[in-house]
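# Understanding the architecture of this molecule
Listed below, chain by chain, are the residues.
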Amino acid sequence: MRRSTITVLPLLLAVATGCGAVGAAQEAVSPTTVRVLVRDINIRAAGVDCAGTGPYQHFHNRAPFRVLDPDGAALASGQLPAGTAVAAFAEDLGVERLPTYCEFAVGVRVPQRASYRLEVDGRQALDLTPDSSEGRALAAVVPS
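Residues numbered from 1 in each chain as written. Predicted model: local features only at pLDDT ≥ 70, side-chain atom pairs only at ≥ 80, totals over all residues. Heavy atoms only, no water.

Another point: the packing of aromatic side chains. If you walk through the whole model with that rule in mind, you get 1 aromatic pair. Both rings, one in phenylalanine 59 and one in phenylalanine 104, keep their centres 6.1 Å apart while their planes meet at 40 degrees; by these two values the pair is tilted. Of this pair, phenylalanine 59 sits in the loop between β2 (49-50) and β3 (64-68) while phenylalanine 104 sits in strand β6 (residues 97-111), and the two are 45 residues apart along the sequence. An identical accessibility class is assigned to phenylalanine 59 and phenylalanine 104; each is buried. (Phe/Tyr/Trp six-rings, centres within 6.5 Å; stacked < 30°, edge-to-face > 60°. Helix = DSSP H or I, 4+ residues; strand = E, 2+ residues; numbered from the N terminus. Buried < 20%, exposed > 50% of the residue type's maximum accessible area, 1.4 Å probe, protein only.)

Now the structure itself:
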């Protein structure tokens, strides 16, 4: 009996304290996708993994990012996944490699705010715009 009490006691303490700040109200968060379109116009095959080029090299797989509220407080953070090359033009150019943009999409959970900003690799934060064309999302285009 004593062994089970020792095993259960830490679990009960964790539940009692809420595994966080005691008495702090939990703010509701919603799943959201952050989408960034890096308009670097690089020649690639559409659909392949990509990273930003030229002045946008800080957009890459594993680049650290933070979603910020209007006051600069971090609401979510993580690392970018690999980007995906998307055609820069709607016309069929009849070639395998074509001018593309590099698009990044990452899922986050954020509370409701009046606005959001995205900081990538410690660079100047970008404004994020609500976009519901493909579900709940926040979007940015670089350069804007």
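Two cysteines form a disulfide when their sulfur atoms are joined by a covalent bond. Enumeration over the complete set of coordinates arrives at 1 disulfide. Two residues share a disulfide in this structure: cysteine 50 and cysteine 102, whose sulfurs sit 2.1 Å from each other. Taking the sign of the S-S torsion, 100 degrees for the link of cysteine 50 and cysteine 102, the bridge is right-handed. With cysteine 50 in strand β2 and cysteine 102 in strand β6, this residue pair connects regions lying 52 residues apart in the sequence. A residue is classified by how much of its surface remains accessible, and cysteine 102, at 0% relative accessible area, is buried. (Disulfide = S-S within 2.5 Å.)

This paragraph deals with the nonpolar core. Phe59 and Val67 are the most contacted members of the largest nonpolar core, which totals 25 residues. Taken together, the elements giving at least two residues each to this core come down to β1 (29-45), β3, β4 (74-79), β6, β7 (116-120) and β9 (137-142). A total of 5 residues in this core trace back to one element, the largest contributor, which is β6. Apart from residues no more than four positions distant in its own chain, valine 67 is found in contact with Val34, Ala73, Ala74, Leu75, Ala76, Val108, Val110, Tyr116, Arg117, Leu118 and Leu128. (Core = buried A, V, L, I, M, F, W, Y, C linked by side-chain atoms within 4.5 Å. Contact = heavy atoms within 4.5 Å.)

To continue, consider the side chain of threonine 32. With respect to the helices and strands, threonine 32 occurs in strand β1. Within polar-contact distance, the side chain of threonine 32 engages the side chain of arginine 136 at 2.7 Å. Leaving out residues up to four positions away in the same chain, threonine 32 has contacts with Val106, Gly107, Val108, Val110, Arg136, Ala137 and Leu138. (Polar contact = N/O pair within 3.5 Å; in protein donor to acceptor, adjacent residues only side chain to side chain.)

Moving on: unusual backbone geometry. Going from valine 142 to proline 143, the amide bond is cis rather than trans, its omega being -10 degrees. With respect to the helices and strands, the residue proline 143 is situated in the segment after β9. Positive phi is not limited to glycine here, since isoleucine 41 has a value of about 45 degrees. Checked against the element boundaries, isoleucine 41 lands in strand β1.

Relative to β6, β1 runs antiparallel, the two sharing 14 bridges. Residue pairing for β6: valine 38 is matched across the bridge by cysteine 102. Note that β1 and β9 share 6 bridges and pair parallel. Paired with arginine 35 across the bridge in β9 is alanine 139. (Pairing = 2+ DSSP bridges.)

In this section: the sheet that holds β9. In spatial order, the strands read β2-β5-β6-β1-β9-β8-β7-β3-β4; together these 9 strands make up an open sheet with mixed pairing. At either margin of the open sheet sits one strand with a lone partner, and together these are β2 and β4. For strand β5 (residues 83-87) and β6, the ladder comprises 4 bridges, and the chain directions are antiparallel. If you follow alanine 87 over to β6, its bridge partner there is threonine 100.

Such coordinate-based values are descriptive only and should not be taken to indicate function.
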